[in-house]
Amino acid sequence: MADIMKTILGRRSIRRFQEKDIPDELLNKILEAARWAPSWANAQPWEFVVVKDRSIKEKIQKTVSSRNPSSLAIVNAPVLLVVCGQLQKSGFYNDQYPTKFDDWFMYDLGLATENLCLAAHDSGLGTVIVGRGFHDKVGEAVNLPDNHEVLVLVPIGYPDQDPKPPKRRERDEFVHFDTF
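Residues numbered from 1 in each chain as written. Predicted model: local features only at pLDDT ≥ 70, side-chain atom pairs only at ≥ 80, totals over all residues. Heavy atoms only, no water.

Chemist: How should the sheet that holds strand β1 (residues 46-51) be read in this particular structure?
Modeler: Hydrogen bonding along the main chain pairs the strands of a sheet, whether they run parallel or antiparallel. Pairing within the open sheet is antiparallel, and its four strands lie in the order β1-β2-β4-β3. Looking at which strands have only one partner, the edges of the open sheet turn out to be β1 and β3 (126-127). In terms of strand pairing, β3 meets strand β4 (residues 148-157) through two bridges, oriented antiparallel. Residue Gly-126 lies in a different strand from β4, and its bridge partner there is Gly-157. (Pairing = 2+ DSSP bridges. Helix = DSSP H or I, 4+ residues; strand = E, 2+ residues; numbered from the N terminus.)

Structure representation (structure tokens):
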């Protein structure tokens, strides 16, 4: 458990990257970690678009607010992952959602994205999860098919910064035993 805790505790949001390509073998290893994420009834609703083409990254960057601290990372990272999900696949039975929370693709994609980010950190790479206000336009930029949605963007590359850990709530502030 010590190794996984070291990886979890060491991962940071990285927004500045070295100008250094990621070997395909390493990128495939990280995508393999995402592949093995758990999902509702093993639905695996995730799709990852790997963007290396600078012109596509620039088109995607224009859809994100320039005030977003991760805006520059979208074009400066050697790889931009567009994390997408297929709708009505996760948590969907007999043409309906049987739970209060409808489509579970966000939960399942969150698990796959976390696996990916932890594997990247463990491999010496950095990531940041970007997820505000651009979804439909990014879908257009990567020719996303109908019945799919963009959830987040994940710039990935070799870190060019070493951020300090953020302040975290103490465990006793959010853990409750038997009742809230």
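Chemist: Help me understand the state of the cysteines in this model?
Modeler: By definition, a disulfide links the sulfur atoms of two cysteine residues through a covalent bond. Going through the model one piece at a time under the given rule, you end up with zero disulfides. In this model Cys-84 remains outside any disulfide bridge; the closest cysteine sulfur is found in Cys-117, 15 Å from its own. You can call Cys-84 buried: its relative accessible area is 0%. You can call Cys-117 buried: its relative accessible area is 1%. (Disulfide = S-S within 2.5 Å. Buried < 20%, exposed > 50% of the residue type's maximum accessible area, 1.4 Å probe, protein only.)

Chemist: I tried to follow the packing of aromatic side chains on my own but got confused; where do I start?
Modeler: Two numbers describe a pair of aromatic rings. These are the distance of the centres and the angle of the planes. Using the criterion set out here, one finds two aromatic pairs in the structure. Look at Trp-40 and Trp-104: their rings are 4.7 Å apart centre to centre, the planes differ by 50 degrees, and that puts the pair in the tilted class. With a gap of 64 residues between them, Trp-40 in the loop between α2 (24-35) and β1 and Trp-104 in the loop between β2 (79-86) and α5 (105-122) connect regions that are remote in the sequence. Since its relative accessible area comes to 23%, Trp-104 is described here as partly exposed. Ring plane angle 80 degrees and centroid distance 5.5 Å describe the contact between Trp-104 and Tyr-107, whose orientation is recorded as edge-to-face. Members of the aromatic cluster, joined through ring pairs, are Trp-40, Trp-104 and Tyr-107. (Phe/Tyr/Trp six-rings, centres within 6.5 Å; stacked < 30°, edge-to-face > 60°.)

Chemist: Can you help me understand the environment of Asp-108 in this one?
Modeler: Within the secondary structure layout, Asp-108 lies in helix α5. For the pair Asp-108 and Trp-46, spaced 62 residues apart in sequence, the C-alpha separation works out to 7.6 Å.

Chemist: How should the side chain of Lys-57 be read in this particular structure?
Modeler: With respect to the helices and strands, the residue Lys-57 is situated in helix α3 (residues 54-61). In this structure, Lys-57 is buried with no salt-bridge partner, the nearest side chain bearing the opposite charge being Asp-21 at 7.7 Å. Within the local environment of Lys-57, its side chain forms a polar contact with the backbone oxygen of Pro-78, the two atoms lying 3.5 Å apart. (Lys, Arg positive; Asp, Glu negative; His and termini not counted. Salt bridge = Lys/Arg side-chain N within 4 Å of Asp/Glu carboxyl O. Polar contact = N/O pair within 3.5 Å; in protein donor to acceptor, adjacent residues only side chain to side chain.)

Chemist: Even after reading the chapter, I still don't get the environment of Trp-40, so can you show me in this structure?
Modeler: A sequence separation of 32 residues divides Trp-40 from Leu-72, and the C-alpha atoms of the two residues are 34 Å apart. In this structure, Trp-40 is in contact with Ser-90, Gly-91, Phe-92, Tyr-93, Pro-98, Thr-99, Trp-104 and Asp-108, ignoring residues within four places of it in sequence. (Contact = heavy atoms within 4.5 Å.)

Chemist: Looking at this structure, how should I read the packing of α2 against α5?
Modeler: Each pair of packed helices can be described by the angle between their axes along with the distance between the axes. Where α2 contacts α5, the two axes come as close as 7 Å, and the packing angle between them is 145 degrees. Viewed along their axes, α2 and α5 form a crossing whose handedness is right-handed. Contacts from Ile-30, Leu-31, Ala-33 and Ala-34 of α2 reach α5 at Ala-112, Asn-115, Leu-116, Ala-119 and Ala-120. Residues belonging to the contact of α2 with α5 are distributed by class as follows: eight nonpolar, one polar and no charged. (Axes fitted to C-alpha atoms, helices over the stretch in contact; angles between N-to-C directions. Left-handed = near helix turned anticlockwise from the far one by under 90°. Nonpolar A, V, L, I, M, F, W, Y, C, P; charged D, E, K, R; others polar.)

Chemist: Got a minute to help me understand a nonpolar patch on the surface in this structure?
Modeler: Nonpolar side chains collect at one region of the surface, where Ile-4, Met-5, Ile-8 and Leu-9 lie side by side and expose about 340 Å² of accessible area between them. As for its placement among the helices and strands, Met-5 is situated in helix α1 (residues 2-10). Its relative accessible area of 31% is what places Met-5 among the partly exposed residues. (Patch = residues over 30% accessible without salt bridge, like charges linked within 9 Å, V, L, I, M, F, W, Y side chains within 5 Å. Areas by Shrake-Rupley, 256 points an atom, 1.4 Å probe, with all protein chains shown as cover.)

Chemist: Honestly, the nonpolar core in this entry has me stumped. Any pointers?
Modeler: General note: in soluble globular proteins, nonpolar side chains tend to be found buried as a group. Within the largest apolar cluster, 24 residues are counted, with the highest numbers of intra-cluster contacts made by Ile-22, Ile-30, Leu-116, Leu-125, Val-154 and Ile-156. If you list the elements that add at least two residues to this core, you get α2, β2, α5 and β4. In terms of residue count, α5 provides more of this core than any other element does, seven residues in total. Not counting chain neighbours up to four residues away, the residues in contact with Ile-22 comprise Leu-27, Pro-78, Val-79, Leu-125, Ile-156, Gly-157 and Tyr-158. Core analysis: the second largest hydrophobic core is formed by 19 residues, Leu-80, Val-130, Val-138 and Ala-141 among them. (Core = buried A, V, L, I, M, F, W, Y, C linked by side-chain atoms within 4.5 Å.)

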